Amino acid sequence: MTKDKRILYLDILKVIAVAGVIFNHMYWFIPASNDFYITVRFLLFSIVKPSVPIFIMVTGALMLGRKSSYKEIFTKRIPGVVIAFLIASIIYCLYKGNNPISVFLRIFEGEVDGKNYDYIPYWGWYIYLLIALYIMTPFLQKMIKSFKDKDYKVFIFLFIILVSIFNCLPTFTSVFLGTSDGVNSNLTTSLFSIGVGYYVFGYYISKKDISWKENLISIIIYFVSMFFCTLYLLFFSRRMADPGYFPLEYSYFPISIASMCVFISFKYYFSKGIKNELLVKLITTISLSGFGIYLFHVPLVEEIHKLPFMMNIFNFNPLLGTVCLISLIIFILTIVFYLIRKIPIFRKIF
């Protein structure tokens, strides 16, 4: 990827997604001590929830426009991801004080929560999704080659809109109607995968010219979605008397809509690039380290947050502390993986 021509708006989206994922794993550092901080918590949590869909869309935009052979997928792409995840899991297992030998079996089991919580990174579920998308890539490339605009729209409706509505129904009905009735997940997970929808959507938008009107509609829909998500979480917390539980997933309808809107608007504003070369270089460098930051950020967040200087910042202002901690994590890991990529054997992994 380092030899490819950079697409700036995709790099910007990756940087935003990286920051969002980090916050998603540290939102509890913002105290639920009063209504203001509870509302801010919910708003920020809603804003960062599109991070994973953005990662998938960026990957789709980059991968589906190429011609990938089965050999490339199964001898380069997937092994690279597996090795990176294995390294991260071993380090995480050691960080938790466990025997790293058990990591190999637990990765094969694919359970990132429950009994494997302290052995393989709990945020590593995305790696399994990424592997599945890589496997499907050669087939999708051949399929969408003959797609017309209408085909993309129907595909996106079936694999994003419809699935995201189905996915959020049980949670929404349990909150508003007192029952968890909804469409059985056997339908949405066996027949459709919203990850595939995001993947194809990223490619579709990457080759499409966005009009001023489409961008404006996207911005309006995005803000409406964020407003709704925040109100929904506030309502849920009041009803359940629990400001620390967030029933909002990346596959839920308002988040899927917001994710697509973010992608559309950034394509509109940054597809022609920006003039500040130093800023472009900074964005590119962080973007290139994005996968490594994703894999290793949680232990670093936990340890740096404990440091006295960081605790003092959080005690002074939790929002300032959040910005400082996220910025510091990105800064440290960007430097680390910039140096790691100088080692040839790691260049294709991280």
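Since this is a predicted model, take the numbers as computed values, not measurements. (Residues numbered from 1 in each chain as written. Predicted model: local features only at pLDDT ≥ 70, side-chain atom pairs only at ≥ 80, totals over all residues. Heavy atoms only, no water.)

(A) Here's a closer look at the environment of Tyr199. Mapped onto the fold, Tyr199 is located in helix H9 (residues 194-206). For the pair Tyr199 and Lys148, spaced 51 residues apart in sequence, the C-alpha separation works out to 17 Å. What Tyr199 contacts, discounting residues up to four positions off in sequence, is Ile56, Thr59, Gly60, Ala61, Met63, Leu64, Leu133, Tyr134, Thr137 and Leu140. A polar side-chain atom of Tyr199 sits 2.7 Å from a polar atom in the side chain of Thr137. (Helix = DSSP H or I, 4+ residues; strand = E, 2+ residues; numbered from the N terminus. Contact = heavy atoms within 4.5 Å. Polar contact = N/O pair within 3.5 Å; in protein donor to acceptor, adjacent residues only side chain to side chain.)

(B) Expanded view of the side chain of Ser51. Within the secondary structure, Ser51 sits in helix H3 (residues 51-63). Residue classification places Ser51 among the buried residues on the basis of a relative accessible area of 5%. Reaching out from Ser51, the side chain makes a polar contact with the backbone oxygen of Val48 at a distance of 2.6 Å. Those residues within four positions of Ser51 in sequence are excluded, and the remaining contacts are Ile16, Ala17, Gly20 and Val21. (Buried < 20%, exposed > 50% of the residue type's maximum accessible area, 1.4 Å probe, protein only.)

(C) Highlighting the side chain of Arg41. Position of Arg41 relative to the elements: it lies in helix H2 (residues 35-48). Looking at Arg41, its side chain comes within polar contact range of the main-chain oxygen of Trp28, at 3.3 Å.

(D) Main features of a nonpolar patch on the surface. A cluster of nonpolar side chains, Tyr70, Phe74, Ile135, Met136 and Phe139, forms an exposed patch at the surface whose accessible area comes to about 470 Å². Per element, the largest residue contribution to the nonpolar patch is 3 residues, and it comes from helix H6 (residues 125-144). (Patch = residues over 30% accessible without salt bridge, like charges linked within 9 Å, V, L, I, M, F, W, Y side chains within 5 Å. Areas by Shrake-Rupley, 256 points an atom, 1.4 Å probe, with all protein chains shown as cover. Salt bridge = Lys/Arg side-chain N within 4 Å of Asp/Glu carboxyl O.)

(E) Broad picture of the environment of Asp11. As for its position among the elements, Asp11 is in helix H1 (residues 8-24). In sequence terms Asp11 and Phe29 are 18 residues apart; their C-alpha atoms lie 28 Å from each other. Apart from residues no more than four positions distant in its own chain, Asp11 is found in contact with Arg6, Ile283, Thr284 and Ser287. Engagement of the side chain of Asp11 in a polar contact is seen with the side chain of Ser287, the distance being 2.6 Å.

(F) Up close: the packing of helix H13 (residues 290-306) against helix H14 (residues 308-316). At a minimum axis separation of 5 Å, H13 and H14 run at an interaxial angle of 80°. One finds that H13 runs roughly perpendicular with respect to H14. On the side of H13, the interface is formed by Ile304, His305 and Lys306, while H14 contributes Pro308, Met310, Met311 and Phe314. Considering only residue class, the contact of H13 with H14 consists of 5 nonpolar, 1 polar and 1 charged. (Axes fitted to C-alpha atoms, helices over the stretch in contact; angles between N-to-C directions. Parallel < 35°, antiparallel > 145°, perpendicular 65-115°, else oblique. Nonpolar A, V, L, I, M, F, W, Y, C, P; charged D, E, K, R; others polar.)

(G) Seen up close, the packing of helix H4 (residues 70-95) against H6. Two elements in contact, H4 and H6, have axes separated by 10 Å at closest approach and are oriented at 170°. Here H6 runs roughly antiparallel to H4, going by the angle between their axes. Regarding H4 and H6, the two cross each other, and that crossing is right-handed. Of the residues in H6, those touching H4 at Tyr70, Ile73, Phe74, Arg77, Ile78, Val81, Val82 and Phe85 are Ile127, Tyr128, Leu130, Ile131, Tyr134, Ile135, Thr137, Pro138, Phe139 and Lys142. The residue makeup of the contact of H4 with H6, split by class, is 15 nonpolar, 1 polar and 2 charged. (Left-handed = near helix turned anticlockwise from the far one by under 90°.)

(H) Just the packing of aromatic side chains, in detail. Tallying each qualifying case throughout the model produces 32 aromatic pairs. Between Phe85 and Tyr128 the ring centres are 5.8 Å apart and the planes differ by 85°, which places this aromatic pair in the edge-to-face class. Of this pair, Phe85 sits in helix H4 while Tyr128 sits in helix H6, and the two are 43 residues apart along the sequence. Using a relative accessible area of 27% as the deciding quantity, one classes Tyr128 as partly exposed. Judged by centre distance (6.2 Å) and plane angle (40°), the ring pair of Tyr198 and Tyr250 falls under tilted. Of this pair, Tyr198 sits in helix H9 while Tyr250 sits in the loop between helix H10 (212-240) and helix H11 (253-270), placing them 52 residues apart in sequence. Each member of the pair, Tyr198 as well as Tyr250, carries the same accessibility label: buried. An aromatic cluster is present here, built from Phe55, Trp125, Tyr126, Tyr198, Tyr250 and Tyr294 joined pairwise through their rings. The residue whose ring lies beneath Arg106 is Tyr119, and the NZ or CZ to ring-centre distance is 3.6 Å. (Phe/Tyr/Trp six-rings, centres within 6.5 Å; stacked < 30°, edge-to-face > 60°. Lys NZ or Arg CZ within 6 Å of the ring centre and 35° of its normal.)

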